[in-house]
Amino acid sequence: MNVEIIIKSELKEPQVVIYTNEVTDEIQNIAHRISSSQNKVLTGTKNKKVFLIKNEDIYCFYSENQKIYAKTDKDNLEVKLRLYEIEKIYEGTSFIRISKSCIVNIDKVKSLDISYAGTIEIIFKNGYREFVSRRFISKIKKYLGI
Amino acid sequence: MLFKKSILRGFLGIPIGVFISTTISIIYSLAFGEIMAIPYGMENSNSLTVYIAQYFVSIIIGFVFSASSVIFEIDEWSLLKQTVVHFFITTLVFFPCSIKVGWIDVNPMSILIYIGVFIFIYLLAWISIYFTWKSKIKKLNNKLEERQ
């Protein structure tokens, strides 16, 4: 991949354009890493089709069989990023890591539940549940300002 | 890796084990005014043997109790599973060792009382940990409800 930096004094903000003949995994990865997460739209794939995903539609990112998926109301779409990259990109937003294999969107969370066996679960607004590691509870507390 | 962590912790636990056992021995001996070695199973050994046996037993107990604390860091296990496994590991090591050096009387009643105390301590720990988490979760849920 060739990288070129062109100075245009009339630009108020830097703009990144990727010229390519084909959208590969690498390109998608770079695009995500460069853009900020606040106003960015994620792309996910399912059955070789590429979809745009809005952050507010994502319930959680989870890993399964070495791949990372974004879970929305409609579907689970594969995302070409590693969980630690997602964690970094979404730092400071409502996306919080809750276990080794899951990053959750707190805005989509209804409540937490603790079983008698001492396992903690997150219950999403649509009824989905995800297991939370006790060691990550403090991250949730920090984000909620407790 | 958790295994390496447990071994490291185990070694750090050895001096703690020896310190606790020595302190208890001193307190116990002070009550009687002379050094008390309790040779229940070792009536025929001289006091040096007994002393050294207690030393090694304290090392073993210190190591195992400390090393097994990493069990609580296995996130895939529930708190209940972690507590139960930890209980069995410590019990399986503590009781044979205690009996060997005579810390425990070898009659059924005494043993029952000792096991009872052990179980009671674990129950207490479990209850306090469980309710601590329960109240943490309640606070989080209150905050989450405000945001709905």
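Residues numbered from 1 in each chain as written. Chains lettered and ligands numbered in written order. Predicted model: local features only at pLDDT ≥ 70, side-chain atom pairs only at ≥ 80, totals over all residues. Heavy atoms only, no water.

Asks: Just give me the short version of the packing of helix α3 (residues 137-144) of chain A against helix α4 (residues 108-146) of chain B, but keep the residues and values in it.
Replies: For the pair α3 of chain A and α4 of chain B, interaxial distance at closest approach is 11 Å and the crossing angle is 35°. Crossing geometry of α3 of chain A relative to α4 of chain B is assigned as left-handed. Each of Ile137, Ile140, Lys141 and Leu144 of chain A in α3 of chain A lies in contact with α4 of chain B, whose residues at this interface are Trp133, Lys136, Ile137, Leu140, Lys143 and Leu144 of chain B. A breakdown of the residues in the contact of α3 of chain A with α4 of chain B according to their chemical character gives 7 nonpolar, no polar and 3 charged. (Axes fitted to C-alpha atoms, helices over the stretch in contact; angles between N-to-C directions. Helix = DSSP H or I, 4+ residues; strand = E, 2+ residues; numbered from the N terminus. Left-handed = near helix turned anticlockwise from the far one by under 90°. Contact = heavy atoms within 4.5 Å. Nonpolar A, V, L, I, M, F, W, Y, C, P; charged D, E, K, R; others polar.)

Asks: Give a detailed account of a nonpolar patch on the surface, specifying residues and quantitative values.
Replies: Together, Met109, Ile113, Val117, Phe120, Ile121 and Leu124 of chain B make up a nonpolar patch on the protein surface, roughly 610 Å² of accessible area in all. If you trace the backbone, Phe120 of chain B turns up in helix α4. (Patch = residues over 30% accessible without salt bridge, like charges linked within 9 Å, V, L, I, M, F, W, Y side chains within 5 Å. Areas by Shrake-Rupley, 256 points an atom, 1.4 Å probe, with all protein chains shown as cover. Salt bridge = Lys/Arg side-chain N within 4 Å of Asp/Glu carboxyl O.)

Asks: Pulling in residues and values, what's your account of the pattern of salt bridges?
Replies: Residues and elements named next belong to chain A. Within the structure shown, the criterion is met by 12 salt bridges over all chains. Salt-bridge contacts for Lys139 lead to Glu87; the nearest nitrogen and oxygen are separated by 3.0 Å. Of this pair, Lys139 sits in helix α3 while Glu87 is found in helix α2 (residues 83-89), placing the two residues 52 residues apart along the sequence. For Glu87, a relative accessible area of 24% gives the class partly exposed. (Buried < 20%, exposed > 50% of the residue type's maximum accessible area, 1.4 Å probe, protein only.)

Asks: Outline the environment of Ile52 of chain B, supporting the account with residue identities and numerical values.
Replies: Here Ile52 of chain B is to be found in helix α2 (residues 47-67). For the pair formed by Ile52 of chain B and Asn107 of chain B, sequence separation is 55 residues and the distance between their alpha carbons is 25 Å.

Asks: Hey, could you go over the interface of chain B and chain A for me, with residue numbers and the actual values?
Replies: Taken together, the contact pairs 22 residues of chain B with 27 residues of chain A. Where chain B abuts chain A, roughly 2,200 Å² becomes buried across the two surfaces, and 61% of that area is made up of carbon and sulfur atoms. Here chain B and chain A share 3 salt bridges between them. Of the charged contacts in the structure, one is a salt bridge between Glu76 of chain B and Lys100 of chain A, with a shortest N-O distance of 2.7 Å. The interface formed by chain B and chain A includes 11 residue pairs in polar contact (both at pLDDT 80 or more). Elements that contribute at least two residues to the side of chain B that touches chain A include exactly α3 (79-100) and α4 of chain B. When its residues are assigned to classes, the side of chain B that touches chain A shows 10 nonpolar, 4 polar and 8 charged. (Buried area = accessible area lost by both parts, 1.4 Å probe. Polar contact = N/O pair within 3.5 Å; in protein donor to acceptor, adjacent residues only side chain to side chain.)

Asks: So what's going on with α2 of chain B? Which residues, and what values?
Replies: Residue and element names in this part refer to chain B. With 21 residues, α2 ought to run about 30 Å at 1.5 Å a step, and its terminal C-alpha atoms sit 30 Å apart, in line with that. Those residues of α2 that fall on the buried side of the exposure criterion are Val50, Ala53, Gln54, Val57, Ser58, Ile59, Ile61, Gly62, Val64, Ser66 and Ala67. Its buried side turned inward, α2 meets α1 (2-32) and α3. (Expected span 1.5 Å × (residues − 1).)

Asks: An account of the layout of surface pockets is needed here, citing residue identities and associated values.
Replies: Where empty space is left can be seen by rolling a probe of water-molecule size over the atoms. All names here are of chain B. If you add up the space inside the largest pocket, you get close to 950 Å³. In this structure, the largest pocket is lined by 31 residues; those nearest its centre are Ser21, Thr22, Ile24, Ser25 and Trp103. At the level of elements, α1, α2, α3 and α4 are the ones that each hand at least two residues to the lining of the largest pocket. When residues of the lining of the largest pocket are assigned to their parent elements, the largest contribution, 12 residues, is made by α1. Here the lining of the largest pocket is built from residues that sort into 19 nonpolar, 12 polar and no charged. Taken as a whole, the second largest pocket holds about 820 Å³ of empty space. Among the residues forming the lining of the second largest pocket, the class breakdown is 14 nonpolar, 2 polar and 4 charged. (1 Å grid on protein atoms, 1.4 Å probe; cavity = no way out; pocket = protein on both sides within 12 Å on 5 of 7 lines; lining within 4 Å. Points joined across faces, edges and corners; volume = space filled by probe spheres on them.)

Asks: Explain α4 of chain B to me, using residue names and the numbers behind them.
Replies: Helix length check: α4 of chain B, at 39 residues, gives a terminal C-alpha distance of 57 Å against a target of 57 Å (1.5 Å per residue), a fit within 8%. Within α4 of chain B, burial applies to Ser110, Phe118, Tyr122, Trp126, Tyr130, Trp133, Ile137, Leu140, Asn141 and Leu144 of chain B. Next to the buried residues of α4 of chain B lie β8 (109-114), β9 (120-124) and α3 of chain A together with α2 and α3 of chain B.

Asks: Help me get a handle on the state of the cysteines, residues and values and all.
Replies: Evaluated as defined, the whole model comprises 0 disulfides over all chains. Unpaired in terms of disulfides, Cys60 of chain A finds its nearest cysteine sulfur in Cys102 of chain A, a separation of 4.3 Å. (Disulfide = S-S within 2.5 Å.)

Asks: An account of unusual backbone geometry is needed here, citing residue identities and associated values.
Replies: Residue and element names in this part refer to chain A. Unlike most non-glycine residues, Lys48 shows phi in positive territory, near 70°. Of note, Lys48 is situated in the loop between β1 (42-46) and β2 (49-53). Using a relative accessible area of 85% as the deciding quantity, one classes Lys48 as exposed.

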